[in-house]
Amino acid sequence: MKMSDMIADFIAEMLTDGGGVAELQRRQVADRFSCVPSQVNYVIETRFTPENGYLVESRRGGGGYIRIIRLMDDKQRTLVEAARGIGGRLTQNNAAKLTRALVSADLLTAREGNLLLSACSDGALAEVPTEYRDTIRASVFRCAVLGIAT
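Residues numbered from 1 in each chain as written. Predicted model: local features only at pLDDT ≥ 70, side-chain atom pairs only at ≥ 80, totals over all residues. Heavy atoms only, no water.

### Details of the packing of aromatic side chains
When we look at a pair of aromatic rings, we describe it by the centre distance and by the angle of the planes. Applying the stated criterion to the full structure yields two aromatic pairs. Judged by centre distance (5.0 Å) and plane angle (70°), the ring pair of Phe48 and Tyr54 falls under edge-to-face. (Phe/Tyr/Trp six-rings, centres within 6.5 Å; stacked < 30°, edge-to-face > 60°.)

### Describing the pattern of salt bridges
All told, the structure shown has seven salt bridges when counted by the stated rule. Between Arg67 and Glu57 there is a salt bridge whose closest N-O contact spans 2.9 Å. With a gap of 10 residues between them, Arg67 in strand β3 (residues 65–70) and Glu57 in strand β2 (residues 54–59) connect regions that are remote in the sequence. One salt bridge in this structure joins Asp134 and Arg89, with 3.5 Å as the shortest N-O distance. In this pair, Asp134 is assigned in helix α7 (residues 130–149) and Arg89 in the loop between α4 (74–84) and α5 (92–104), connecting sequence segments 45 residues apart. By sharing partners, the salt bridges in this structure join Arg89, Asp122, Asp134 and Arg137 into a single network. (Salt bridge = Lys/Arg side-chain N within 4 Å of Asp/Glu carboxyl O. Helix = DSSP H or I, 4+ residues; strand = E, 2+ residues; numbered from the N terminus.)

### Quick look at the nonpolar core
In terms of nonpolar packing, the biggest core is built from 18 residues, with Ile7, Ile11, Phe48 and Ile68 touching the most fellow members. Those elements that place two or more of their residues in this core are α1 (3–17), β1 (21–24), α2 (26–33), α3 (37–47) and β3. If you tally residues by element for this core, the top one is α1, at five residues. Each residue touching Ile11, except ones within four places of it in the same chain, is listed here: Ala22, Leu24, Ile44, Phe48 and Ile68. Core analysis: the next-biggest nonpolar cluster, separate from the first, contains 16 residues, Ala82, Ala83, Leu102 and Cys120 among them. (Core = buried A, V, L, I, M, F, W, Y, C linked by side-chain atoms within 4.5 Å. Buried < 20%, exposed > 50% of the residue type's maximum accessible area, 1.4 Å probe, protein only. Contact = heavy atoms within 4.5 Å.)

### With respect to the sheet that holds β3
In space, the three strands of this open sheet follow the order β1-β3-β2, with antiparallel pairing throughout. Of all the strands in the sheet, just β1 and β2 have a single pairing partner and so form its edges. Strand-to-strand twist in this sheet, taken as the mean axis angle between neighbours without regard to direction, amounts to 15°. Here α3 sits on the sheet and contacts β1, β2 and β3; the angle it forms with β3, its principal contact strand, is near 25°. (Pairing = 2+ DSSP bridges. Axes fitted to C-alpha atoms, helices over the stretch in contact; angles between N-to-C directions.)

### Considering the confidence of the model for the protein
Overall, the prediction assigns the protein a mean pLDDT of 91, with 99% of residues at 70 or greater. Ranking the helices and strands of the protein by mean pLDDT puts helix α6 (residues 110–119) first, with 96, and α4 last, with 83. (pLDDT = per-residue confidence, 0-100.)

### Description of the layout of surface pockets
One number sums up the size of the largest pocket: a volume of about 160 Å³. Looking at the largest pocket, it is lined by 13 residues, and the ones nearest its centre are Asn41, Ile44, Glu45, Val56 and Ser58. At the level of elements, α3 and β2 are the ones that each hand at least two residues to the lining of the largest pocket. In terms of residues, the lining of the largest pocket owes the most to one element, β2, which gives four residues. (1 Å grid on protein atoms, 1.4 Å probe; cavity = no way out; pocket = protein on both sides within 12 Å on 5 of 7 lines; lining within 4 Å. Points joined across faces, edges and corners; volume = space filled by probe spheres on them.)

Right, here's the structure in full:
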């Protein structure tokens, strides 16, 4: 295992133990892994980015620290990606397939899946003209999944 991977795993464990927040000092982590502090910086700058669901705060100086906050866990990130992947139209059949897949992957509870299926059903959209239903359904589905994720 590479040094960068070991440092990243250590920080990830700190995040898990800290309920999504890890506070560390570069020098202490570097000493623990017998590396230079810049290698710790490299891991933080490349692995714990906003794009990967993290916020990093730092304070320099003698009592300086780095605080890493997990914004989204893997489940949230996957749901957000699934919501973003929904196109401009979604049939009732495809909404059902996608919902079953999300429930099977334990990304949604059975109750959330049933509510989502109900909200996206043709019955729920009965007042909407047929030609607009798939567009409205895609929007409802996307917003609901994003709401569950956040």
